[in-house]
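The residues making up each chain are set out below.
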Amino acid sequence: MPTVRDLYEVLGVAKDASDVDIKKAYRRKARELHPDQGGDEEAFKELTAAYEVLKNPEARANYDQFGDPRGPGGGMGGGDPFGGFGDLSDLINAFFGPGAGMGGGMGGSRRGRPTNAGRDAIVDVTVTLEEAASGIDKEVEVTLDRTCATCDGSGAAGSSGPTTCSTCGGQGVVQRVRNGIFGQMLTQSACPTCEGTGTTITDPCRDCRGDGRQRTTETLTIPIPVGIDDGRRVRLTGRGEAGRNGGPAGDLYVRVNVRPHEVFTRDGDALHCELRIGMIPAALGTKLKLPTLYGEAEVTVPAGTQFGDVITLRREGMPRLGMDGHQRGDLHVHCRVETPRNLDDEDREVLRQLAEKRGEDVVDGIGGKGFFGRLRDAFAG
């Protein structure tokens with residue numbers, strides 16, 4: 001029997017938490033624990049069951065006062081929305097079906113995850129930013145438990161096949177009456193003889209030793225969706241570890257790592273890059289060709305562009321995930337205006353004349369004095 005956890009503790013809130021705080025806490029933790037995001041399935045079920053009680057004012061009041069959302073005496077009358085609640089495991093079963101409670105699947109109930117189900121697996125795949133933008137099929141080598149080819153997953157040698165478990169009668173579970181904090185209750189757990197499968201094998205397969213699986217190295221083709229971001233996971237249902245003795249396979253989670261780009265920096269579906277422009281083109285304005293993820297794009301640099309100005313190219317950023325490339329973010333070009341170096345005498349004279357025309361003081365490169373030099377001379381005199 002699992003230890004009864006306080007429902008407020010499960011959600012991570014104080015007992016005087018408001019309805020808004022409870023909802024926020026649930027949403028935050030649900031994102032972390034959801035199985036589709038690689039979270040723990042049992043913890044997610046536990047969290048959801050606790051939230052279903054605490055979001056209901058009547059059930060919450062009963063729980064606070066009596067320790068049971070049904071009220072005093074366990075509310076065994078009709079209309080009980082939490083029928084069968086004895087501890088948190090039973091409450092989870094009420095929402096997710098028998099066998100969904102803490103401690104894993106309940107085998108022969110077949111409504112939870114079977115105990116002979118295969119484990120989930122995770123594999124890392126690295127792609128370039130260009131590949132993430134276009135989507136790609138990547139081949140990756142994995143080593144996983146796969147169905148034994150000799151016995152076809154049954155675990156039995158030849159045609160002997162598995163036999164019905166004599167302990168549980170093929171149900172995969174055994175039931176017991178236990179004394180809980182709310183009185184007697186009927187509990188069930190995986191059969192210790194068949195480990196929840198409902199069958200036993202008297203003549204095991206020699207290759208897999210009755211397990212129904214063999215360790216196999218294979219190359220899988222992984223579809224990387226358009227717009228995938230660094231650290232996101234792709235879930236391939238049923239592509240994980242094979243189940244024991246013909247049990248269902250787990251899922252394969254592909255963790256995508258997007259390699260940093262030498263030009264572009266990503267922020268969601270937006271891209272950023274730097275464009276270095278000479279002082280004179282920035283002052284006069286110009287048009288430049290800029291390579292993007294989709295070819296070359298023309299960038300119009302307005303006259304008078306300053307260091308740090310940003311030019312936005314619409315729809316030249318990353319595709320939005322789930323839109324198959326039909327929607328893209330923007331590319332933000334950050335202008336870096338560069339002052340020319342290694343000027344010759346003629347260049348300096350041209351710039352000096354321009355400065356004089358604009359009334360701007362400059363320091364003569366050969367020994368002339370600018371504004372600050374003349375200011376020092378005035379104080380010195």
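In this text, all values refer to a predicted model and were calculated from it rather than measured experimentally. Here the residue numbers are simple positions, counted from 1 along each chain's written sequence. Reporting of local features is limited, given that this is a predicted model, to residues whose pLDDT is at least 70; pairs of side-chain atoms are given and counted only at 80 or more, and all residues count toward the totals for whole chains, interfaces and linings. Remark: hydrogens and water are excluded; side-chain values derive from all non-hydrogen atoms of the structure.

Asker: Help me understand the pattern of salt bridges in this model?
Answerer: Side chains bearing opposite charge may pair, as long as their charged atoms lie close to each other. The term salt bridge refers to a side-chain nitrogen of Lys or Arg lying within 4 Å of a carboxyl oxygen of Asp or Glu. Per the stated rule, a full pass over the model turns up 20 salt bridges. Where Arg235 meets Asp251, a salt bridge forms, and the shortest distance between an N and an O atom there is 2.7 Å. Taken together, the residues span a long stretch of sequence, with Arg235 in strand β8 (residues 233-236) and Asp251 in the loop between β8 and β9 (252-258) at a distance of 16 residues. Burial status follows relative accessibility: with a 1.4 Å probe on protein chains alone, a residue under 20% of its type maximum counts as buried, one over 50% as exposed, and anything between as partly exposed. Given the relative accessible area of 36%, Arg235 is considered partly exposed. Taking the relative accessible area as the measure of exposure, Asp251 reaches 9% and is therefore buried. Here Glu360 ties to Arg358 by a salt bridge, and the two come within 3.1 Å at their closest N and O atoms. Three or more residues are tied together by salt bridges with common partners; here these are Arg119, Asp145, Asp211, Arg213, Arg215 and Glu241. Here a helix means four or more residues in a row that DSSP labels H or I, a strand means two or more in a row labelled E, and each is numbered from the N terminus.

Asker: How should I be thinking about helix α2 (residues 19-33) in this particular structure?
Answerer: Helical periodicity: at 3.6 residues per turn, an α-helix aligns residues three or four positions apart in one direction. Between its first and last C-alpha atoms α2 spans 21 Å; for 15 residues at 1.5 Å apiece the expected length is 21 Å, and the two agree. Within the sequence span of α2, burial applies to Ile22, Ala25, Tyr26, Ala30 and Leu33. Seen from one end, α2 has its buried residues packed into an arc of 125°, which puts them on one side. In α2, those exposed residues whose orientation departs by more than 90 degrees from the buried face are Val20, Lys24, Arg27, Arg31 and Glu32. Two residues qualify as a contact provided that any one of their heavy atoms is within 4.5 Å of a heavy atom in the partner residue. Along its buried surface, α2 packs onto α1 (7-11), α3 (41-54) and α4 (57-66). Expected helix span is taken as 1.5 Å per residue step, with the number of steps being one fewer than the number of residues. Working definition: the arc comes from the directions between the helix axis and the C-beta atoms, pointing outward to the latter.

Asker: Sorry, what's going on with a positive patch on the surface here?
Answerer: Like charges within 9 Å and nonpolar side chains (Val, Leu, Ile, Met, Phe, Trp, Tyr) within 5 Å are joined into patches, using only residues over 30% in relative accessible area that form no salt bridge. Surface exposure here means Shrake-Rupley accessible area, sampled with a 1.4 Å probe, where a residue is shielded only by the protein chains that are shown. The charged-residue count follows a simple rule in which Lys and Arg add positive charge and Asp and Glu add negative charge, with His and chain termini not counted at all. Throughout, a charge is located at the NZ atom of Lys, the CZ atom of Arg, the CG atom of Asp or the CD atom of Glu. On the surface, Lys23, Arg27, Arg28 and Arg31 cluster together into a patch of positive charge. By the element assignment, Arg31 lies in helix α2.

Asker: Which parts of the structure should I look at to understand the sheet that holds strand β14 (residues 310-313)?
Answerer: Hydrogen bonds between backbone groups are what pair the strands of a sheet, and the pairing can be parallel or antiparallel. One open sheet holds the four strands; their spatial order is β10-β11-β15-β14, and the pairing between them is mixed. A single partner strand is all that each edge strand has here, and the edge strands are β10 (265-267) and β14. For this sheet the average axis-to-axis angle between neighbouring strands, irrespective of direction, equals 30°. For two strands to count as paired, DSSP must find a minimum of two bridges between them. Relative to strand β15 (residues 331-338), strand β11 (residues 270-278) runs parallel, the two sharing eight bridges. Residue pairing in the sheet places Leu271 in a bridge with Leu331 of β15. Between N-to-C directions, angles cover 0 to 180 degrees, with each direction set by a line fitted to C-alpha atoms, over the stretch in contact for helices.

Asker: I tried to follow the environment of Thr187 on my own but got confused; where do I start?
Answerer: Along the chain, the position of Thr187 falls in strand β5 (residues 183-190). Separated by 13 residues in sequence, Thr187 and Val174 place their C-alpha atoms 8.4 Å apart.

Asker: I'm lost on the layout of surface pockets in this one. Help?
Answerer: The definitions used throughout rest on a 1 Å grid laid over the protein atoms alone, on which a cavity is an enclosed set of points accommodating a 1.4 Å probe that cannot get out and a pocket is an open set flanked by protein within 12 Å on both sides along at least five of seven lines; lining residues are those having an atom within 4 Å of a point. Grid points are joined across faces, edges and corners, and a volume is the space filled by probe spheres set on the points. Size it by volume and the largest pocket reaches roughly 530 Å³. Together, 19 residues line the largest pocket, and Met279, Ile280, Ala283, Leu354 and Arg358 are the ones closest to its centre. Elements with a contribution of two residues or more to the lining of the largest pocket: α7 (279-284) and α8 (345-357). Looking at which element gives the most residues to the lining of the largest pocket, the answer is α7, with five residues. Think of it as three bins: nonpolar holds Ala, Val, Leu, Ile, Met, Phe, Trp, Tyr, Cys and Pro, charged holds Asp, Glu, Lys and Arg, and polar takes everything else, Gly as well. In terms of residue class, the lining of the largest pocket is made up of 13 nonpolar, four polar and two charged.

Asker: Looking at this structure, I do not really get the pairing of β14. What am I missing?
Answerer: Residues in a regular strand project their side chains so that they alternate between the two faces of the sheet. Of the two faces of β14, only one is covered, namely that formed by Ile311 and Leu313; the face formed by Val310 and Thr312 stays uncovered. Here β14 pairs with β15 via four bridges, running antiparallel. Along β15, the bridge assignment pairs Thr312 with His332.

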